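Listed here are the chains, written in short residue letters.
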Amino acid sequence: MTTDIQEAETRSFEADVARLLHMMVHSVYSDRDVFLRELISNAADACEKLRYEATQHPGLLGDDAKPSITITADADARRLVVEDNGIGMGRDELVEALGTIARSGTRAFMERVAAAKSGEGAELIGQFGVGFYSSFMVADKVDVLTRRAGSAEAWRWSSDGKGSYEIAPADAAEAPARGTRVVLHLMEDADGYTRAYRLEQLIKEQSGHVPVPIALRDTPDAAPRDVADGTALWTKPKSAITPEEYADFYRGVSGQYDEPAATIHFRAEGRHEYGALAFVPGSRPFDLFDQDRKGRMKLYVRRVFITDEADLLPRWLRFVRGLVDSADLPLNLSREMIQDSPLMAAIRKGVTNRILSDLGKLADSDAEAYAKIWENFGVVLKEGLYEDFERREQLLKLARFRSTASGEGWRSLADCVAAMKEGQTALYYMTGDDRARLEASPQLEGFRARGVEVLLLTDPVDSFWVTMVENFDGKPLKSVTQGGADLSGIARPDDAETPDAETPPAMAGFIAFVKATLGEAVSDVRASDRLTESAVCLVAPEGGPDRQIERLLGAAGRLDHASRPVLEINTASARIRALAALGDGDPALREDVAHLLYDEARVLDGDKPLDAKAFSQRLSRLVERSIGGA
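Described below are features of the structure shown in this document. (Residues numbered from 1 in each chain as written. Predicted model: local features only at pLDDT ≥ 70, side-chain atom pairs only at ≥ 80, totals over all residues. Heavy atoms only, no water.)

### Remarks on the sheet that holds strand β20 (residues 524-527)
Part 1: Overall, mixed pairing links the 3 strands, which are arranged β20-β22-β21 in an open sheet. Since the sheet does not close on itself, it has two edges, and those belong to β20 and β21 (536-539), each with one partner. Going across the sheet, the axis of each strand differs from the next one's by a mean of 25°, ignoring polarity.
Part 2: Sheet topology note: the β20/strand β22 (residues 566-569) ladder contains 4 bridges and is parallel. Residue pairing for β22: Arg526 is matched across the bridge by Glu568. (Pairing = 2+ DSSP bridges. Helix = DSSP H or I, 4+ residues; strand = E, 2+ residues; numbered from the N terminus. Axes fitted to C-alpha atoms, helices over the stretch in contact; angles between N-to-C directions.)

### Examining the packing of aromatic side chains
Part 1: Taken as a whole and judged by the stated rule, the model has 13 aromatic pairs.
Part 2: Relative to Tyr300, the ring of Trp234 has its centre 5.0 Å away and its plane inclined at 55°; by these criteria the two rings are tilted. A residue pair is termed long-range when its members are at least 10 positions apart, and Trp234 in the loop between β9 (225-228) and α9 (243-254) and Tyr300 in strand β12 (residues 296-301) qualify at 66 residues.
Part 3: The class for Tyr300 is buried, based on a relative accessible area of 3%.
Part 4: Between Tyr246 and Phe279, the ring centres sit 6.4 Å apart and the planes meet at 70°, which makes this aromatic pair edge-to-face. With Tyr246 in helix α9 and Phe279 in strand β11 (residues 274-280), this residue pair connects regions lying 33 residues apart in the sequence.
Part 5: The exposure class of Tyr246 is buried, given its relative accessible area of 10%.
Part 6: Phe279 sits in the buried class, given a relative accessible area of 0%.
Part 7: Of the aromatic side chains, those joined through ring pairs into one cluster are Trp234, Tyr246, Phe249, Tyr250, Phe279 and Tyr300.
Part 8: Across the ring face of Trp410, the terminal group of Arg402 is positioned such that the distance to the ring centre comes to 3.8 Å.
Part 9: Above the ring of Phe513, the side-chain terminus of Arg590 is found at 4.4 Å from the ring centroid. (Phe/Tyr/Trp six-rings, centres within 6.5 Å; stacked < 30°, edge-to-face > 60°. Buried < 20%, exposed > 50% of the residue type's maximum accessible area, 1.4 Å probe, protein only. Lys NZ or Arg CZ within 6 Å of the ring centre and 35° of its normal.)

### Quick word on the side chain of His595
Part 1: Assignment of secondary structure puts His595 in helix α20 (residues 587-604).
Part 2: In this structure His595 comes out as buried when scored by relative accessible area, which is 18%.
Part 3: If near-sequence neighbours (up to four positions away) are discounted, His595 is found in contact with Thr517, Leu518 and Arg618. (Contact = heavy atoms within 4.5 Å.)

### Section: the pairing of β12
Part 1: Of all 6 residues in β12, 5 are buried, a share of seventy percent or more.
Part 2: Pairing analysis gives 6 bridges linking β12 to strand β14 (residues 321-326), with the strands arranged parallel. Bridged to Tyr300 within β14 is Asp325.
Part 3: Linking two consecutive strands that pair antiparallel, namely β12 and strand β13 (residues 304-307), is a turn of 2 residues; a positive phi of about 55° is found at Arg302 within it.

Rendered as structure tokens:
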């Protein structure tokens, strides 16, 4: 090697590095913590490169065959050291690896950064070496000491990242025997990165599964202690992993302390290859109903943590915890923003379908275990019925419900189809906010009298997804509070009293009077075939919104005007028959009765009387009349 190469050399960056680094630090990376992940990733790559070259040249390993990464904190000197015993670098390789930004030119680099930020698909990792340069987010000076495996020469690279760097031969005694040592002289506001607990947290969170063991020295004089063992649980075969290991990993990745209710572990092979390890928690995470509805699946690339904001699952699976690891995903400059790629779309689809498939298998094999999952997360899964047309059929098969026939258990739609009565053409449901109130609803009386099962839907999302589902197994879903009941084709039990098929003239006249009296308050008044005990009830018109969804939209301020309900009258009720028999002899009484029947129906439906003062006055007149009559 010539003499001039052996001397220290200061080189100016050809590009405006200060401007480039400013863009990278302030525009590309959003979190300073990533610098440690990038340095560990580079160190792991160096160890992997040595392992590959050693297959051809075993002598490169020498007496130190086990790859390792050691991180040393020095709070007194405000320094952080990341060292590996990997392939190392010679002088030319050092210039090539850490001078790439300069040789690329300002304009080309700026163009690629702009393309990456605008989502045009630029792939920058591995082209510019900017992972190393993330060090300047926390350090005002960086020294790199390195020795190529199999070489006696060692080199030092130093820079403050502002305009130049220096390369010089390193003293053999201070350089690593093989590999690379990166020394960060930390800024004043970055001294927190010398705290051992903080470093250990970052290592485990971001790089705990890289394929090289990582050790941490709390101080320069302390013995190194293992922080990560260089293994990744998800890369092992399922047969080699115990339930306890799965549970421990689940707690680490989810931040919860319960047991996983289901574990989904698989590797996809073929056109797209990736591994996935997902868990359904045993209890509801605290953030299950956050307004942003973000998922918490982590994305790894070659066992290096990239982000937990990659939207690997649809929002209606946000309760699932775990990770996906791929070696082939295209990334942008910072590894934080995942490009919209066919592979990413394939991963999302594949992982989602596999989770649903495994949940379906669990539902078939262990109904009790699946019931616990549904109790915790059914309300979230039902969001998919509303949002995800592609998977609606899968979700309908997974869905479980309380019903008038379920008791405290759960019913599937397949169970309801199997229990349909002769002459029944639809699956019936009722929405509301309280099961006890639904079960006491007068609208259910005719269905209960015929033994027809009705789904009792009490989650707010129920009112919305039912509008998106036309049928299940060819059977339409129909609200018992909307339109006609259509119960005439379903036989009553043999011992049940059958009401008269025709409405007597006096009753028809009474119904017409009530309709005329109520006027615009209702869209219709008619005889009911769904009532058996109550005198009246309200239902939504055939073409209007269901009563419950109308309430929800009104409460949210998203309803311009309420639809006019239909008042149904039980013509078999003794009270209604007596009122109809009064004739026209007391018009004032009949008018009060008409309004009171409507308000009664509103109260039974969970609403207030239409006009509280008028209701009180009418009720008072009726009581006074009754007392006077007595």
